[in-house]
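One-letter residues, chain by chain:
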Amino acid sequence: MSLLNNLINGISLGSVYAIIALGYTMVYGIAKMLNFAHGDVIMIGAYACFFMVTEYGFNPLIGIIVAIVVCTLLGVIIERLAYKPLRQVTSLAVLITAIGVSYFLQNAAQLLWTSNPKIFPALFGNGGIKLFGGDLLIPYKTIVTIAACIIIMVGLMLFTSKTKTGKAMRACSEDKGAAQLMGINVNRTISITFAIGSALAAVAGVLLCASYPRLVPTTGSMPGIKAFTAAVFGGIGSIPGAFLGGILLGIIEIFSSAYLSTALANAIVFLVLIIVLLVKPTGLLGKKVSEKV
Amino acid sequence: MGKRKISKNTRQSFITYGVVIAAYILLTVLASTGALSSTFKGLLVPVCAYIIAAISLNLTVGVLGELSLGHAGFMSVGAFSGATVAIALKDSVPSEWVRLLIAVIVGAFFAAIFGFIVGIPVLRLRGDYLAIVTLAFGEIIKTIVTNLYIGKDASGMHIGFLDGDILERGGKMILNGPNGISGITKISTFTSGFIIIMICLIIIFNLVNSRSGRAIMALRDNRIAAESVGINITKYKLMAFVISASMAGAAGALYALGQNTVTANKFDFNTSILILVFVVLGGLGNMLGSVISATVLYVLPETWLRQFSDYRMLIYAVVLIAVMLVTNNSKIRALVSRLIPGKNKDKEDEKNV
């Protein structure tokens with residue numbers, strides 16, 4: 001039973017990683033930049049939800065919606081102020097700017113809300129579904145997390161394949177110049193991608209804190225790095241890849257801390273990543289790009 | 001072109017040497033007359049270490065053209081191997097200079113070995129995939145060091161992993177897992193830091209201006225073209241990577257031996273990013289730029305920005321974003337190149353890289 005339990009925990013953690021990784025991968029796919037501030041947007045989303053629910057006593061659902069709105073606005077503002085002026089320059093310059101934004105958000109959060117940990121409320125109750133005569137308890141938060149992840153993944157895949165905006169995103173990530181010639185507003189499409197990515201970050205932040213309730217200004221950074229790893233693991237730029245990478249990463253992390261060593265869990269996750277990349281250099285589901293001279 | 005004329009590269013390297021030597025002399029004089037505050041004096045050795053880390057990362061990012069997000073991992077290897085050796089040899093090698101020299105060499109050597117191990121994926125991966133592998137490496141090193149125990153007792157040296165109970169009675173821990181190494185005798189000095197900086201600069205400039213260096217830069221500018229004219233990618237990429245790692249190891253050893261205590265958390269992802277920021281703000285491939293930006297960006301938050309107390313890192317972040325936006329703004333670039341006509345050509349060159 002403990003194996004099944006760990007598996008469920010792993011999938012739950014992996015779902016959170018997957019949601020963050022989906023945001024990473026979409027932004028990367030279209031803007032070709034590593035948005036290091038993504039992890040900190042998660043943290044802001046979690047704080048927004050926290051204050052709505054505990055300070056102002058709103059319903060958790062409203063808390064989540066407010067978090068999504070706050071993060072979406074934040075994502076668009078960050079994109080407009082910090083990244084948009086740098087569209088034409090080297091990706092390294094944008095990377096450093098993203099790091100600057102990340103520092104800014106973390107330190108602003110520290111000033112506003114101090115570094116004392118906030119205990120996130122149990123949004124989805126403490127109960128769960130009992131299976132096998134009570135041997136296996138699946139908490140509601142786990143069910144919500146996994147369901148949210150699957151809905152988001154399917155939704156994103158439908159969005160990018162069926163809608164006009166989604167197709168425009170794919171076109172921009174293929175070839176910006178050609179997309180522009182076809183009448184696609186590239187700047188607007190990139191902004192929309194940032195908005196979606198940030199909204200996903202808000203959801204991820206709330207779900208992360210629902211399972212791991214200790215909320216500090218640096219809450220988002222390690223899951224951010226791991227989700228980035230997950231996105232690369234699955235093949236960056238690919239939506240099913242980010243999903244698969246996130247879930248696998250979560251399972252590996254929970255299993256290695258349960259059966260090998262808690263202290264080494266992070267190292268094992270990263271070691272597996274290196275091995276996978278050595279065998280398949282573009283990630284699990286990444287496209288092999290042939291090089292032209 | 002006459003033979004007498006000094007080439008642009010040589011001139012640049014001599015300017016860099018000159019600035020570093022002048023800064024060293026100036027600071028030494030200021031320190032001996034007591035004009036430097038004690039805070040500032042305490043920063044001299046770490047600044048030297050970060051300068052070395054920055055110029056070594058510049059070799060990977062600027063000259064080889066591969067993004068590395070785990071440079072602090074190499075510093076960590078150098079710091080812990082170097083400091084362990086220095087403490088272990090405390091009784092047998094009385095001279096501080098010799099001990100520091102051994103520690104720095106050991107640190108550089110171990111970091112070079114790790115650089116080689118990490119360098120192998122470099123041959124298969126490109127761009128952001130490589131960046132993530134270096135990031136992963138940095139995190140793995142941090143975890144390993146956090147769980148590593150090294151101690152010394154009557155029967156010699158003992159090493160334990162995950163398990164700190166390795167010593168007989170009366171033994172002394174050197175590296176104590178998550179608590180790191182404490183009780184280090186501070187043997188790093190500003191002068192030793194300066195000497196290592198100079199050695200690293202000489203190695204890098206000679207490498208860059210050599211046949212190997214040109215091969216490395218050819219790989220950066222166009223890998224396929226370089227390969228087609230018979231440049232051995234494996235050899236030159238590994239060469240640059242290992243040299244860069246070993247210098248970071250030396251920097252780590254220098255840093256550790258200038259502190260009372262070092263823990264593995266000191267060399268985490270944020271430190272790697274910090275060094276990368278030095279390199280990018282200083283200019284890719286520009287060693288003098290790395291030296292200056294490492295100095296300014298390391299010293300500023302510790303001294304001048306202190307007056308803003310809680311706001312200092314916020315201001316640092318805003319300055320960082322503003323600098324990136326301003327230096328990459330095409331209008332401002334055009335203005336600068338019009339104001340300084342001689343710079344015109346350089347700017348053009350930069351754009352083409």
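Residues numbered from 1 in each chain as written. Chains lettered and ligands numbered in written order. Predicted model: local features only at pLDDT ≥ 70, side-chain atom pairs only at ≥ 80, totals over all residues. Heavy atoms only, no water.

Asker: Would you mind showing me how to read the pattern of salt bridges here?
Answerer: According to the stated counting rule, one finds six salt bridges over all chains in the structure shown. Of the charged contacts in the structure, one is a salt bridge between E79 of chain A and R87 of chain A, with a shortest N-O distance of 1.9 Å. Under the relative-accessibility criterion, E79 of chain A is labelled buried at 0%. Where D221 of chain B meets R220 of chain B, a salt bridge forms, and the shortest distance between an N and an O atom there is 3.0 Å. Relative accessible area serves as the criterion here: at 51%, D221 of chain B is assigned to the exposed category. The exposure class of R220 of chain B is partly exposed, given its relative accessible area of 28%. (Salt bridge = Lys/Arg side-chain N within 4 Å of Asp/Glu carboxyl O. Buried < 20%, exposed > 50% of the residue type's maximum accessible area, 1.4 Å probe, protein only.)

Asker: I'm lost on the confidence of the model for chain B in this one. Help?
Answerer: Detailed reading of predicted coordinates is not advised where the pLDDT is low. Residues and elements named next belong to chain B. Confidence along chain B averages 83 in pLDDT terms, with 91% of residues attaining 70 or more. Between residues 343–353, whose pLDDT stays under 50, and residues either more than four places distant or in other chains, the model counts seven contacts. Interface confidence for the predicted complex, expressed as ipTM, amounts to 0.82; the pTM equals 0.86. (pLDDT = per-residue confidence, 0-100. Contact = heavy atoms within 4.5 Å.)

Asker: Is there a simple way to think about the interface of chain A and chain B in this case?
Answerer: The parts lose accessible area when they come together, and the size of an interface is often stated as this lost area. The interface of chain A with chain B comprises 46 residues on the first partner and 42 residues on the second. With both sides pooled, the region where chain A packs onto chain B buries about 3700 Å², and carbon together with sulfur makes up 81% of that total. Connecting chain A to chain B are zero salt bridges. In this assembly, chain A and chain B are joined by zero residue pairs in polar contact (both at pLDDT 80 or more). (Buried area = accessible area lost by both parts, 1.4 Å probe. Polar contact = N/O pair within 3.5 Å; in protein donor to acceptor, adjacent residues only side chain to side chain.)

Asker: Can you walk me through the packing of aromatic side chains in this structure?
Answerer: Pairs of aromatic rings are described using the distance from one ring centre to the other and the angle between the two planes. Counted according to the given criterion, the structure contains 24 aromatic pairs over all chains. Consider the rings of F50 of chain A and F51 of chain A, whose centres lie 5.2 Å apart with planes at 80°: the pair is edge-to-face. Note on F50 of chain A: relative accessible area 7%, which makes it buried. Taking relative accessible area as the criterion, F51 of chain A reaches 17% and is therefore assigned buried. Ring centres of Y50 of chain B and Y255 of chain B lie 5.8 Å apart, and the angle between their planes is 80°; on these two criteria the pair is classed as edge-to-face. A residue pair is termed long-range when its members are at least 10 positions apart, and Y50 of chain B in helix α2 (residues 38–64) and Y255 of chain B in helix α9 (residues 233–256) qualify at 205 residues. (Phe/Tyr/Trp six-rings, centres within 6.5 Å; stacked < 30°, edge-to-face > 60°. Helix = DSSP H or I, 4+ residues; strand = E, 2+ residues; numbered from the N terminus.)

Asker: In this structure, what is going on with the environment of E174 of chain A? I would like to understand it.
Answerer: Within the secondary structure, E174 of chain A is located in helix α6 (residues 164–174). Residues E174 of chain A and G29 of chain A, spaced 145 residues apart in sequence, show a C-alpha to C-alpha distance of 8.5 Å.

Asker: I would appreciate a short explanation of the pairing of strand β1 (residues 148–153) of chain B in the present structure.
Answerer: Along any regular strand, the residues point their side chains to alternate faces of the sheet. Residue and element names in this part refer to chain B. In terms of residue burial, β1 counts as a mostly covered element, since five of its six residues are buried. Examined bridge by bridge, β1 and strand β2 (residues 156–161) share six bridges and lie antiparallel to one another. Its bridge partner lying in β2, D153 is registered against G156. Taken together, β1 and the strand that follows it, β2, pair antiparallel across an intervening segment of two residues. (Pairing = 2+ DSSP bridges.)

Asker: What should I look at first to understand helix α3 (residues 71–88) of chain B in this one?
Answerer: Since there are 3.6 residues in each turn of an α-helix, residues three or four apart along the chain are aligned in direction. The terminal C-alpha atoms of α3 of chain B lie 26 Å apart, and with 18 residues this matches the ideal 26 Å at 1.5 Å per residue to within 8%. Counting buried residues in α3 of chain B gives 17 out of 18 residues, a clear majority hidden from the surface. (Expected span 1.5 Å × (residues − 1).)

Asker: What's the story with the packing of helix α3 (residues 60–83) of chain A against helix α8 (residues 186–211) of chain A in this structure? I'm lost.
Answerer: When two helices pack together, their arrangement is given by the angle between the helix axes and by the axis-to-axis distance. Residue and element names in this part refer to chain A. With their axes 7 Å apart at the nearest point, α3 and α8 run at an angle of 140° to one another. Taken together, α3 and α8 sit at an angle that is classed as oblique. Of the two elements, α3 crosses α8, and the hand of that crossing is right-handed. Together, I64, A67, I68, C71, T72, G75, V76, E79, R80 and Y83 of α3 and I190, S191, F194, A195, S198, A199, A202, V203 and V206 of α8 make up the contact between the two elements. (Axes fitted to C-alpha atoms, helices over the stretch in contact; angles between N-to-C directions. Parallel < 35°, antiparallel > 145°, perpendicular 65-115°, else oblique. Left-handed = near helix turned anticlockwise from the far one by under 90°.)

Asker: Whenever I open this one, unusual backbone geometry confuses me. Can you help?
Answerer: Of all residues except glycine, most have a negative phi; of all peptide bonds, most are trans. Residues and elements named next belong to chain A. Phi angles above zero are rare outside glycine, and K32 is one such case at about 50°. Of note, K32 is situated in the loop between α1 (2–31) and α2 (38–55). For T114, which is not glycine, the phi torsion reads 55° and is therefore positive.

Asker: Help me understand the sheet that holds β2 of chain B, please; the structure alone is not making it clear to me.
Answerer: To summarise the sheet geometry, strands pair through backbone hydrogen bonds and adopt either a parallel or an antiparallel arrangement. Residue and element names in this part refer to chain B. Taken together, three strands build an open sheet; the order of strands is β2-β1-β3 and the sheet is antiparallel. The sheet is open, and its two borders are formed by β2 and β3 (172–176), each paired with just one other strand. Each strand axis lies, on average, 20° off the axis of its neighbour in the sheet, ignoring direction.

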